[in-house]
Amino acid sequence: MKDLSSFDVEHYFVQEMEKDQNLSAGIAAIKTLLMVLEKTPFDTVQELHSTLKLAIETMRKTEQPLTAVISGCELFSRFITLAKIDDITMEECKTIMLHRGNVFLQKLLEARQIIAKRAALFLQDKCRVLTHSRSRVVLEAIIVAAQSNKRFHVFITRSSDNAGEQMKAELEKCGIECTLILDSAIGYIMENVDMVLVGAEGVVESGGIINRIGTLTMALCAKEMNKPFYVLAESFKFSRLYPLNQRDLPDEYKYPRKDLSSDLTKTHPLVDYTPPGYITLLFTDLGVLTPSAVSDELVKLYL
């Protein structure tokens with residue numbers, strides 16, 4: 001196995017995240033794997049797999065959201081190794097894989113805009129929208145809808161890390177009316193909104209989602225008050241996990257890496273799991289899906 005001494009995976013990955021605030025951790029991870037593929041020499045396909053595995057483990061130890069990093073890396077590794085490599089040199093193999101990796105990355109970079117256009121059609125003039133904290137794809141969908149001369153009001157939860165304030169500032173910059181609310185005001189606001197739009201850190205096999213803590217609470221309220229609950233998520237966030245409840249989520253998904261060795265009963269979880277029964281539709285670059293259709297799409301992705 002290569003030791004990656006010629007390329008600092010963690011530095012490059014973190015630098016990509018810091019350089020572009022709108023870059024998903026999953027996309028940053030895929031960009032990092034492409035650089036590993038380009039910078040690291042290898043003599044066999046097995047050596048390549050070992051090198052990529054080591055790079056993924058390095059990124060897993062950072063404090064970036066883990067769900068999209070793992071699912072994105074799994075899909076990337078699967079996609080680039082689909083190329084037929086019989087009767088060609090390893091250098092030719094590397095060239096093919098780099099090409100496939102760049103094609104894959106370009107497709108993913110276009111996903112957010114595709115999702116935004118699909119979701120924007122559901123935002124009607126004069127509607128009231130509730131969203132949780134800051135989601136890049138939800139932000140883009142709302143902006144796309146506003147650009148088609150629709151006028152609406154967006155309620156944004158502050159969230160535990162105050163990312164809602166940034167979301168509010170970005171929407172106001174685009175001339176969109178919005179109100180920042182406390183997370184504890186979700187029940188109070190819910191009866192006044194027409195729909196809920198949230199992003200996702202991961203979409204699991206059941207069609208449920210892993211997302212910023214408080215998403216489940218919002219989904220429960222939406223279900224009780226008969227409000228549609230829409231999820232916007234790129235296909236690289238589709239994960240081969242099947243949690244049934246909050247305890248089923250691995251600790252490394254829920255808590256900061258620095259706290260995993262301490263008493264987790266005293267640590268605040270970063271994400272929660274929202275079961276598929278609370279989700280109306282998922283807007284993805286693969287299409288507009290019901291939660292029950294996610295498992296079929298996952299099978300297609302990993303065939």
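Residues numbered from 1 in each chain as written. Predicted model: local features only at pLDDT ≥ 70, side-chain atom pairs only at ≥ 80, totals over all residues. Heavy atoms only, no water.

So, the environment of Ala28: which residues are in play, and what are the values?
For Ala28, the position within the fold is in helix 2 (residues 25-39). By relative accessible area, Ala28 is classed as buried at 0%. The spatial distance from the C-alpha of Ala28 to the C-alpha of Ile210 is 19 Å, given a sequence separation of 182 residues. Non-local contacts of Ala28, meaning those with residues more than four positions away in its chain, are made with Phe13, Glu16, Met17 and Leu23. (Helix = DSSP H or I, 4+ residues; strand = E, 2+ residues; numbered from the N terminus. Buried < 20%, exposed > 50% of the residue type's maximum accessible area, 1.4 Å probe, protein only. Contact = heavy atoms within 4.5 Å.)

I'd like a rundown of the sheet that holds strand 6 (residues 209-212), residues and numbers included.
Strands sit in the order 5-6-8 across an open sheet of three strands; the sheet is antiparallel. If you trace the sheet from one side to the other, it starts and ends with strand 5 (202-203) and strand 8 (271-274), each paired once. As judged from the two bridges shared by strand 5 and strand 6, these two strands associate in the antiparallel manner. What sits directly across from Val203, in strand 6, is Ile209. (Pairing = 2+ DSSP bridges.)

Would you mind going over the packing of helix 2 against helix 3 (residues 45-60) in detail, with residue names and values included?
Here helix 2 crosses helix 3 at 140 degrees, and the two axes come no closer than 10 Å. Taken together, the axes of helix 2 and helix 3 lie oblique to each other. The handedness of the crossing between helix 2 and helix 3 comes out as right-handed. In this structure, helix 2 uses Ala29, Thr32, Leu33, Val36 and Leu37 to contact helix 3, whose residues at the interface are Leu48, Thr51, Leu52, Ala55, Ile56 and Met59. Tallied by class, residues from the contact of helix 2 with helix 3 come to nine nonpolar, two polar and no charged. (Axes fitted to C-alpha atoms, helices over the stretch in contact; angles between N-to-C directions. Parallel < 35°, antiparallel > 145°, perpendicular 65-115°, else oblique. Left-handed = near helix turned anticlockwise from the far one by under 90°. Nonpolar A, V, L, I, M, F, W, Y, C, P; charged D, E, K, R; others polar.)

A description of the pattern of salt bridges should follow, citing residues and the corresponding values.
Counted according to the given criterion, the structure contains 12 salt bridges. In this structure, Lys31 and Glu16 form a salt bridge, with 3.7 Å as the shortest nitrogen-oxygen distance. You can see Lys31 sitting in helix 2 and its partner Glu16 sitting in helix 1 (residues 9-19), a full 15 residues away along the chain. Judged by relative accessible area, which is 25%, Lys31 ranks as partly exposed. In this structure Glu16 comes out as buried when scored by relative accessible area, which is 4%. Lys300 is the partner of Glu297 in a salt bridge, and the nearest nitrogen-oxygen pair spans 3.4 Å. Placement of both Glu297 and Lys300 in helix 12 (residues 294-302) is noted, with a separation of three residues, approximately one turn of the helix. You can call Glu297 buried: its relative accessible area is 14%. Each of Glu16, Lys19 and Lys31 takes part in one network of salt bridges that share partners. (Salt bridge = Lys/Arg side-chain N within 4 Å of Asp/Glu carboxyl O.)

Give a detailed account of the sheet that holds strand 7 (residues 229-232), specifying residues and quantitative values.
Across the sheet, seven strands lie side by side as 3-2-1-4-7-9-10; this open sheet has mixed pairing. The open sheet has two edge strands, strand 3 (177-181) and strand 10 (287-289), and neither has a second partner. Taking the axes of each pair of neighbouring strands and ignoring which way they run, one obtains an average angle of 25 degrees across the sheet. Of the pairings in the sheet, the one linking strand 7 to strand 9 (residues 281-284) comprises three bridges and is parallel in character. Directly across from Tyr230, in strand 9, lies its bridge partner Leu281. Its contacts with the sheet put helix 6 (residues 111-120) on strand 7, strand 9 and strand 10, and the angle it makes with strand 9 is roughly 140 degrees.

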